[in-house]
Amino acid sequence: MKNILVVGGAGYIGSHAARVLKDKGYFPVVYDNLSKGHKKAVRGFAFIKGDLGNKKKLKTVFKKYNIEAVMHFAAFTEVGESVAEPSKYYENNVCKVISLLDAAVESGVKYFVFSSSASVFGEPEKERIDETHPKNPINPYGRTKLMVERILKDYDTAYGLKSVSLRYFNACGAHPSGKIGESHGVESHLIPIIFQAALGKRESIKIFGSDYPTKDGTCIRDYVHVNDLADAHILAMEKMEKENKSECYNLGSGSGYSVKEILDSVKKITGLDFKIEYAPRRAGDPAALVADPAKAEKELNWTRKYDLEQIIKTVANWEKKRRY
């Protein structure tokens, strides 16, 4: 397998995956409508501007580049927005994915890597979440991800399209080179927001909810570096091709950090200071989400190279060199 279509490849996680693919000898073809992504993030890559739901254009790309596998990174991802605008999320995250899958099947593509999410689990019923944990998403974003996972099972049964669903916990960090990193029009992720507050780009950092049933009252999340996630994509794709089998994996560090702990860590590691404000809970936010990554570690031989300190340092480096 050589030519890989990276849909949403100009976005945060997709651009890192494209770079790792290239480093490992693959030929990534980036397909993105640039509504969220940045063309500067994929300079030097084959790039096609196109929409996820444009089946005709996708089939042309599949044929032109002899695509053998697809990696999907083109979902809308904001939990709060999904609660306020569910139609937008079901259209992009489900309906348009069906167009992509149909184009892939009709073009003879056999392998599909799907960027799923820990949000498919909803409120955790145990301390660390493995793949067998009940799936009860509590927001439209999570429901769209679970729907596509189920659609992929049906496409395997009906058409033989093999897939791997990778359930991210909290993706974070930046490429160690500082050339690419996290950059959203309206930022909603904790660590980049902290740096915006520390660098004077916003007045403060808000903590949404201080009354959760956690050790300090703030949400607990599992933070995993974007390059470690990218590595898992390639390992999962290679295993899928070798065994011709569909699978799912939870991708996280296995450790949880509260919002307050992340704030304290950034202050300690960088020496930066920032104003903190408290705000009510956001709709759709569970108290804690921590992965049990044992299955990915065992079956994919996946090891993480970045701990929390290294994650924060790569973000600091990216913010100093920010190019887009």
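Note: the structure precedes this text.
Overview of the structure.

**Points about the nonpolar core**
Argument step 1. Residues Ile13, Leu21, Met71, Leu166, Met237 and Leu251 are the most contacted members of the largest nonpolar core, which totals 31 residues.
Argument step 2. Of all the secondary structure elements, the ones that give two or more residues to this core are β1 (3-7), α1 (12-23), β4 (69-72), β5 (111-117), β6 (162-168), α7 (226-243) and β11 (247-251).
Argument step 3. Top contributing element to this core by residue count: α7, with eight residues.
Argument step 4. Excluding residues that lie within four positions of it along the chain, methionine 71 makes contacts with Ile4, Leu5, Val6, Val7, Leu21, Val113, His233, Ile234 and Met237.
Argument step 5. Ranked by size, the runner-up nonpolar core spans 28 residues in total, among them Val7, Leu58, Leu101 and Val109.

**Considerations on the pattern of salt bridges**
Argument step 1. Evaluated as defined, the whole model comprises 22 salt bridges.
Argument step 2. Taking the shortest distance from any N to any O, the salt bridge between arginine 167 and glutamate 149 comes out at 2.8 Å. With arginine 167 in strand β6 and glutamate 149 in helix α5 (residues 140-159), this pair connects stretches of sequence that are 18 residues apart.
Argument step 3. You can call arginine 167 buried: its relative accessible area is 2%.
Argument step 4. Measuring nitrogen to oxygen at the nearest pair gives 3.1 Å for the salt bridge that ties arginine 322 to glutamate 319.
Argument step 5. A relative accessible area of 28% places arginine 322 in the partly exposed class.
Argument step 6. Sharing partners across several salt bridges, the network here consists of Lys55, Lys59 and Glu106.

**Observations concerning α1**
Argument step 1. The terminal C-alpha atoms of α1, which comprises 12 residues, lie 17 Å apart, in line with the 16 Å expected from a rise of 1.5 Å per residue.
Argument step 2. Counting buried residues in α1 gives 10 out of 12 residues, a clear majority hidden from the surface.
Argument step 3. If you check which residues of α1 are buried, you get Tyr12, Ile13, Gly14, Ser15, His16, Ala17, Ala18, Arg19, Val20 and Leu21.
Argument step 4. Buried residues along α1 sit in contact with β1, β2 (27-32), β4, β6, β7 (170-172) and α7.
Argument step 5. Once α1 finishes, glycine 25 follows within two positions and takes phi at roughly 95°, a positive value.

Criteria and thresholds
Residues numbered from 1 in each chain as written. Predicted model: local features only at pLDDT ≥ 70, side-chain atom pairs only at ≥ 80, totals over all residues. Heavy atoms only, no water. Core = buried A, V, L, I, M, F, W, Y, C linked by side-chain atoms within 4.5 Å. Buried < 20%, exposed > 50% of the residue type's maximum accessible area, 1.4 Å probe, protein only. Helix = DSSP H or I, 4+ residues; strand = E, 2+ residues; numbered from the N terminus. Contact = heavy atoms within 4.5 Å. Salt bridge = Lys/Arg side-chain N within 4 Å of Asp/Glu carboxyl O. Expected span 1.5 Å × (residues − 1).

These values are about where atoms sit, not about what they do.
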